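Summary of structural features
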Amino acid sequence: MHKIFSAFWLTISISAFAQETTTPKIHGADVYGAKPNRPFLYKIPATGAKPVEYTVLGLPQGLTVDKNTGVISGVTPAKNNYTTRLIAKNNFGADTLTFDIKVGDEISLTPAMGWNSWNVFGLRVTDKDIRNAADVMVSTGLIDHGWGYINIDDGWESEERKPDGEIATNSKFPDLTALSDYIHSKGLKFGIYSSPGSRTCGGFLGSLNHEEQDIKTYEKWGVDYLKYDLCSYTVRTFLVKKNLQKPYIFMNQFIQNSNRDIVYSLCQYGLGKVWKWGKAVGGNSWRTTGDIVDTWASVNRLLNKQKRLSTFASPGHWNDPDMLVLGIVGWNNDSRKCRLTEAEQQLHFGMWSMLASPLLLGCDLTKIDSFTMSLITNDDIIALNQDRLGKQAAFIYEKDGIQVWSKPLSDGTTAIAIINLSAKEKTTTVKLDKISSGTFTTSKNLWSKQIAYLKDNSITATIPTHGILQFKLAK
Ligand code: GLA
């Protein structure tokens, strides 16, 4: 797609693509965090011609793997680090991965990956939309690349609680237990949305004064993820730091004491420099910006707000520059194709992966097109996001509309992204001593898959307007 421009590059094309699509390949992180004595669910993401048969060596007592689906389930054992070996096998071959199950106090050791209803269905969302998303996550094979959460955003709640104070659903969601069971039966996880205020942003019931009761209800429903959106809480309080933390600290105690691993996603648009205290209040992630929309101005603005935030991310605690706006989006209006160019969509996905952001697709999965699929099944890019070191890409420099970001990876290599924010195609040379000391000798282009030997510790590349190039560099 992009031209690599350097007389010094010796390129070796990868011809193994056909083979990759048939022999099994295990994707996703090689580490997973869970708390003891709680329901455990992890789908081994693996591509390859079906049927694929799954085995796990060294699985601790209490957990079993379904050999046909690759879903590991059961009750999480006692605190320990369990090193297992995942095996995926089919008629063409096998792949294995050393996989650590870290049972302790931390979950979400790599950013959550999944889907959320908001950017496409807004408040129109229905039970059927959620089931469709779950179906398509499996039928398209997205689940085999690590996409796992199915999250309902605002629009599931009623406007009044039941007489005993329990939160009620509106008529679009007749039975959340049944919906959750449906999602879990597919090896996927189930997320929900609420507000610490009395009302959500959409005007439905929030959790104010019912926080503990709501977490109990979520336990009953089998919830795995809570997006907790400030909304009407700000109306009751003034925007002082103490008050901003208060509702999140308050809800956290019930989440921590619940009998499920619930990913706690703080949504308050970056107020009070949340990245400085999001981890301390129990957040697994925190929104660092206002809402994203599907324009270049929005993606560019949100991205540039992440420049100085890299030190605040760590395994289990992520900056969240909001969900992805790829494919068919729509919010409260009719669904339509996203307004970003293909280069902009690639940059959006590539950079959100570099930023170790939660990756939540916000599109109509039932209408997903081949270009969007090609982006979100690029396992090399996903691997940057899911790397166990958990470093967020650092901003290195900007010159003439070109930005360079770099992300150290757990295998000792470094990922870099070179992006072009200007309105015309640009050729640039990046001197890699700006990234780290020592000399880089090889690179892999994570989009074209070309491997190159580097000379002079530099990369020269041509990047389309609003486009991205990403490389994995080795010394
Ligand atoms: C806020 C959030 C969005 C979405 C809506 C729902 O705007 O930032 O992501 O959850 O509320 O009403």
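Throughout, residues of each chain are indexed from 1 in the direction in which the sequence is written. Restriction of local features to residues with pLDDT of at least 70 applies here, the model being predicted, together with a cutoff of 80 or more for giving and counting side-chain atom pairs; totals for whole chains, interfaces and linings are based on all residues. Water and hydrogen atoms were dropped before computing side-chain values, which therefore reflect all heavy atoms in the structure.

What follows concerns the overall build of the protein chain. The secondary structure content of the protein chain amounts to eleven helices and 28 strands. As a reference, a globule follows 2.2 Å times the number of residues to the power 0.38, and the radius of gyration itself is taken over C-alpha atoms. For 475 residues, the compact-globule estimate of 2.2 N^0.38 gives 23 Å, and the protein chain sits close to it at 22 Å. Across its three principal directions, the C-alpha atoms of the protein chain cover 75 × 50 × 40 Å. The buried label applies to any residue whose accessible area, calculated with a 1.4 Å probe on protein chains only, is under 20% of its type's maximum; exposed applies above 50%, and partly exposed to all values in between. Of all 475 residues assigned to the protein chain, the portion counted as buried reaches 59%. Residue pairs at least 24 apart in sequence account for 71% of intrachain contacts in the protein chain once pairs closer than 6 positions are excluded. Using the Shrake-Rupley algorithm and a 1.4 Å probe, accessible areas are obtained, with residue cover drawn only from the displayed protein chains. Accessible surface for the protein chain amounts to roughly 18800 Å². Of this, 53% is attributable to carbon and sulfur atoms. Positive and negative side-chain charges of the protein chain, numbering 53 and 46 respectively, have mean locations separated by a distance of 6 Å. Segments assigned H or I by DSSP are reported as helices when at least four residues long, segments assigned E as strands when at least two residues long, and all are numbered from the N terminus. Should any heavy atoms of two residues lie within 4.5 Å, those residues are counted as being in contact. Only four residue types enter the charge count: Lys and Arg as positive, Asp and Glu as negative, with His and the chain ends excluded. In this description, the location of a charge corresponds to atom NZ of lysine, CZ of arginine, CG of aspartate or CD of glutamate.

On to the sheet that holds strand β7 (residues 63-65). Hydrogen bonding along the main chain pairs the strands of a sheet, whether they run parallel or antiparallel. Any two strands with at least two DSSP bridges between them are considered paired. Read from one edge of the open sheet, three strands run β4-β8-β7, paired in antiparallel fashion. The open sheet terminates on both sides in strands that have one partner only, identified here as β4 (39-43) and β7. Taking each pair of neighbouring strands and ignoring which way they run, the sheet shows an average axis angle of 15 degrees. The pairing of β4 with strand β8 (residues 71-75) spans five bridges and is classified as antiparallel. Directly across from Pro39, in β8, lies its bridge partner Val75. Every axis corresponds to a line fitted to the C-alpha atoms, with the helix fit spanning only the stretch in contact, and the corresponding angles, defined between N-to-C directions, vary from 0 to 180 degrees.

Take the packing of aromatic side chains next. Two descriptors summarise a pair of aromatic rings, namely the distance from one centre to the other and the angle between the planes of the rings. Under the pairing criterion, centres of Phe, Tyr and Trp rings, with the six-membered ring standing for Trp, must be within 6.5 Å; the plane angle then separates stacked pairs below 30 degrees from edge-to-face pairs above 60, leaving the rest tilted. Evaluation of the coordinates by the stated rule reveals 13 aromatic pairs. On the numbers, 6.3 Å between centres and 45 degrees between planes, the contact of Tyr228 with Tyr264 is tilted. Taken together, the residues Tyr228 in strand β14 (residues 225-229) and Tyr264 in strand β15 (residues 263-267) connect sequence positions 36 residues apart. The same class applies to Tyr228 and to Tyr264, which are both buried. Lying across the ring of Tyr182, Arg131 places its NZ or CZ 4.9 Å from the centre. Here, a charge over a ring is recorded when the distance from Lys NZ or Arg CZ to the ring centre is within 6 Å and its angle to the ring normal is within 35 degrees.

Glancing now at the pattern of salt bridges. The salt bridge criterion pairs a side-chain nitrogen of Lys or Arg with a carboxyl oxygen of Asp or Glu, the two atoms within 4 Å. As enumerated under the stated definition, the model contains 24 salt bridges in all. Between Asp105 and Lys79 there is a salt bridge, and its shortest N-O distance comes to 2.8 Å. With Asp105 in the loop between β10 (93-103) and β11 (113-116) and Lys79 in the loop between β8 and β9 (80-90), the pair connects residues that are 26 residues apart, well separated along the chain. Judged by relative accessible area, Asp105 falls into the exposed class, the value being 55%. Beyond isolated ion pairs, a larger network of salt bridges with shared partners links Asp30, Asp100 and Arg388.

Here the focus is the nonpolar core. Here, nonpolar core means buried Ala, Val, Leu, Ile, Met, Phe, Trp, Tyr and Cys residues that are tied together by side-chain atoms lying within 4.5 Å of each other. Membership of the largest hydrophobic core comes to 97 residues, with the highest contact counts inside it found for Trp147 and Phe349. Viewed by domain, this core spans two of them, domain 2 (113-385) and domain 3 (394-474), each represented by three or more residues. Other than its neighbours up to four places away in sequence, Phe349 contacts Trp147, Leu324, Leu326, Leu359, Leu375, Ile376, Ile381, Ile382 and Trp447. Formed by 19 residues, the second largest nonpolar core is a distinct cluster that contains Tyr32, Tyr42, Leu63 and Val103. Start and end points for every domain follow an automatic or database-based domain assignment.

Now for the domain arrangement of the protein chain. Much of the literature gives interface size as the accessible area that the parts lose upon coming together. As assigned here, the protein chain comprises domain 1 (14-103), domain 2 (113-385) and domain 3 (394-474). On a C-alpha basis, the centroid separation for the pair domain 2 and domain 3 is 31 Å. Domain 2 puts 22 residues into the contact, and the matching count from domain 3 is 22 residues. The quantity reported as buried area is the accessible area (1.4 Å probe) lost by two parts once they are put together, taken as the sum for both. Together domain 2 and domain 3 conceal approximately 1900 Å² of surface at their shared face, both sides included; 68% is due to carbon and sulfur atoms. Counting the surface domain 2 buries against domain 3, the share from its top three residues, Lys307, Met354 and Leu384, is 30%. Our count for the domain 2 to domain 3 interface comes out at three salt bridges. Across the pair Lys449 and Asp380 runs a salt bridge whose closest N-O atoms are separated by 2.7 Å. For the side of domain 2 that touches domain 3, the secondary-structure elements that each account for two or more residues are α8 (296-304), α9 (342-354) and α11 (379-385). No other element matches the nine residues that α9 contributes to the side of domain 2 that touches domain 3. Any residue that is not Ala, Val, Leu, Ile, Met, Phe, Trp, Tyr, Cys, Pro, Asp, Glu, Lys or Arg is counted as polar, Gly included; the first ten are nonpolar and the last four charged. In terms of residue class, the side of domain 2 that touches domain 3 is made up of eleven nonpolar, eight polar and three charged.

This part takes up the site of the ligand. The cutoff for a nearby residue is simple: one of its non-hydrogen atoms must lie within 4 Å of the molecule or strand. Contacts to the ligand come from Trp118, Asp153, Asp154, Tyr193, Cys201, Gly202, Lys227, Asp229, Cys267, Tyr269, Arg287 and Asp291. Lys227 is positioned with one of its side-chain polar atoms (N or O) 2.8 Å from an oxygen atom of the ligand. Under this definition, polar contacts are N or O atom pairs within 3.5 Å; protein pairs additionally need one hydrogen-donor-capable and one acceptor-capable atom, and for neighbouring residues in sequence, both atoms have to be side-chain atoms. In the model, an oxygen atom of the ligand is placed 2.8 Å from a nitrogen or oxygen of the Asp229 side chain. When isolated, the ligand has an accessible area of 310 Å², and the protein chains bury 93% of it. Looking at side-chain class alone, the shell around the ligand contains five nonpolar, one polar and six charged residues.

Axis separation between helix α3 (residues 127-139) and helix α4 (residues 176-185) bottoms out at 10 Å; the angle between their running directions is 10 degrees. With respect to each other, α3 and α4 are oriented roughly parallel. Packed against α3, whose contacting residues are Asp127, Ile130, Arg131, Ala134 and Asp135, the element α4 presents Ala178, Leu179, Tyr182 and Ile183 at the interface. Residue composition of the contact of α3 with α4, by class: six nonpolar, no polar and three charged. Between 65 and 115 degrees an angle is taken as roughly perpendicular, under 35 as roughly parallel, over 145 as roughly antiparallel, and anywhere else as oblique.

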